[in-house]
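# A look at the structure
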Amino acid sequence: MEKLVSLAKRRGFIFQSSEIYGGINGFWDYGPVGVELRNNIKNFWWERMVRLRDDVVGVDTSIICHPQTWVASGHLASFSDPMVDCKVCKGRFRADHLESIPCLQKPSLSVHACAQEKKGPGELTEVRQFNLMFETYVGALRDDSSRAYLRPETCQSIFTQFKNVQIVSRQKIPFGIAQIGKSFRNEITPRNFIFRSREFEQMEMEFFVRPEESEMQKWYEYWVETRYQWFLDLGIKPEKLHKRTHAQDELAHYAKGCVDVEYEFPFGFSELEGIANRSNYDLSQHSKTSGKDLSYFDEETKEKFIPAVIETSLGVDRTLLTVLADAYAEDEVEGETRVVMRFSPRVAPFKAAVFPLSRKLAEPAMRLEKELRRHYVTDYDDVGSIGKRYRRHDEIGTPFCVTYDFQSEEDKQVTVRDRDTLKQDRIAMDQLEKYLEDRLKFQV
Ligand code: GAP
């Protein structure tokens, strides 16, 4: 994990937010390479979940919504985590994570172990509930009437806009509404780099179905398999992924089932995505609280009902951490250890980089890179030796490096080096785009 965090900073994937002021815990900034990787992940999700489907449409809703939303969803009353204070180190911790959180005074020990070692577990205060929603005020007044919240999940406004979206998209049940957007949770102990942060992005899809048990089960199983396959198509190693079915006592009172897709991070198997059968609780709650009818009329059967929903919900940042952890590799090249990010071409931030052998060749090399740029995200790099440039691009996972040398002036060919096999091919410049296209091909 330390190696990943250090590489992420060194190569411009991820920086600590507000670093020059000492940072702010639970917030991260994505650098030039990180933002490309992030966009590729989001685009792949959108492509598979919305663009290539007939039965899912997209929305982009506001982060702050009417506070009654959170009354209806239950977040205001119970979106909380158990919290304790340590009377010795004055830290404040999530009570259900004490065995894995390092003590502030003695980081080699967990808070739990530290409390036992000092004066016993009595040094921790009683457990109390801490609501995770960030509060703000809308308008110039600061009182209870203007209090609002940054959304802790993106799905609630999919429910509140269900009727509008269904009417304008002319979708018939079963159909889904998808959204990618920021969510905020005032996590008591943000940790494990970007795995648990206070500001993060979610990719959520709510699939509305008839509320009969057999319909809910059919679509629930379909989405569990479809979402699992998405991670495999993203290039994640199958041996590092698994599904975990929630036990009955882990489920919310209204839920009929939930499966987590988990990845084996350096800190153990942890949740990436949840696929949940939420019954028709959400639309019923918003209908009740708003007084607006959110039922659906089936033109064919002439029935009116409140649809049930199968939800698929994952974090962009957690997926990005998975992609980073999964791609990280070290091997030996010419007697030296090389760090290489073996990203699938689908997500690699740059698909190719063009190097002039000497700065004297800058002009034609730039011209070549500008030509490739029309087809792929590419980089032009003329700093340091060719070996150093290879190392730099191995560390950001660029699948192909193209060197323009003095011979290229004569024979109109360039050397293309493969990140993974290290094989070098001499390719005619007018065939380069085709050569890359064949090798970067990935199934849509
Ligand atoms: N609408 C359902 C929902 O929000 P969740 O399990 O609380 O369910 C879904 O969150 C996903 O959002 C998680 O599987 C995870 O990928 C991501 N996520 C949740 N909290 C997060 C946090 N504090 N930091 C980063 N990602 C988070």
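It should be emphasised that the depicted structure is a prediction, and the values quoted were computed from it without experimental measurement.

### Regarding the state of the cysteines
Counted by the stated rule, this structure contains zero disulfides. Cysteine Cys 103 is unpaired, with the sulfur of Cys 114 as its nearest cysteine sulfur at 3.2 Å.

### Thoughts on the environment of Glu 99
Tracing the chain through its elements places Glu 99 in the loop between β5 (92–94) and α5 (111–117). Relative accessible area serves as the criterion here: at 61%, Glu 99 is assigned to the exposed category.

### Overview of the sheet that holds β5
Strands in a sheet are paired, the pairing made by backbone hydrogen bonds, and the direction either parallel or antiparallel. Taking strand neighbours across the sheet as the criterion, the three strands line up as β5-β4-β6 in an open arrangement whose pairing is antiparallel. In the strand order of this sheet, the two ends are held by β5 and β6 (128–131), each with one partner. The average undirected angle you get between the axes of adjacent strands in this sheet is 50°. Bridge count for strand β4 (residues 80–85) against β6 is four bridges, and the pairing is antiparallel. Bridge assignment links Met 83 to a residue of β6, and that residue is Arg 128.

### Points about the layout of surface pockets
Of the pockets and cavities examined, the largest pocket occupies roughly 1500 Å³. Looking at the largest pocket, it is lined by 45 residues, and the ones nearest its centre are Phe 79, Glu 153, Arg 185, His 246 and Glu 271. Among the elements of the structure, α4 (75–78), β4, β10 (199–209), β12 (257–265), β13 (268–277), β16 (308–315) and α10 (316–327) are those that each provide at least two residues to the lining of the largest pocket. Each residue belonging to the lining of the largest pocket can be placed in one class, and the counts come to 15 nonpolar, 13 polar and 17 charged.

Rules used in this analysis
- Residues numbered from 1 in each chain as written.
- Predicted model: local features only at pLDDT ≥ 70, side-chain atom pairs only at ≥ 80, totals over all residues.
- Heavy atoms only, no water.
- Disulfide = S-S within 2.5 Å.
- Helix = DSSP H or I, 4+ residues; strand = E, 2+ residues; numbered from the N terminus.
- Buried < 20%, exposed > 50% of the residue type's maximum accessible area, 1.4 Å probe, protein only.
- Pairing = 2+ DSSP bridges.
- Axes fitted to C-alpha atoms, helices over the stretch in contact; angles between N-to-C directions.
- 1 Å grid on protein atoms, 1.4 Å probe; cavity = no way out; pocket = protein on both sides within 12 Å on 5 of 7 lines; lining within 4 Å.
- Points joined across faces, edges and corners; volume = space filled by probe spheres on them.
- Nonpolar A, V, L, I, M, F, W, Y, C, P; charged D, E, K, R; others polar.

Taken by themselves, the reported measurements are silent on function.
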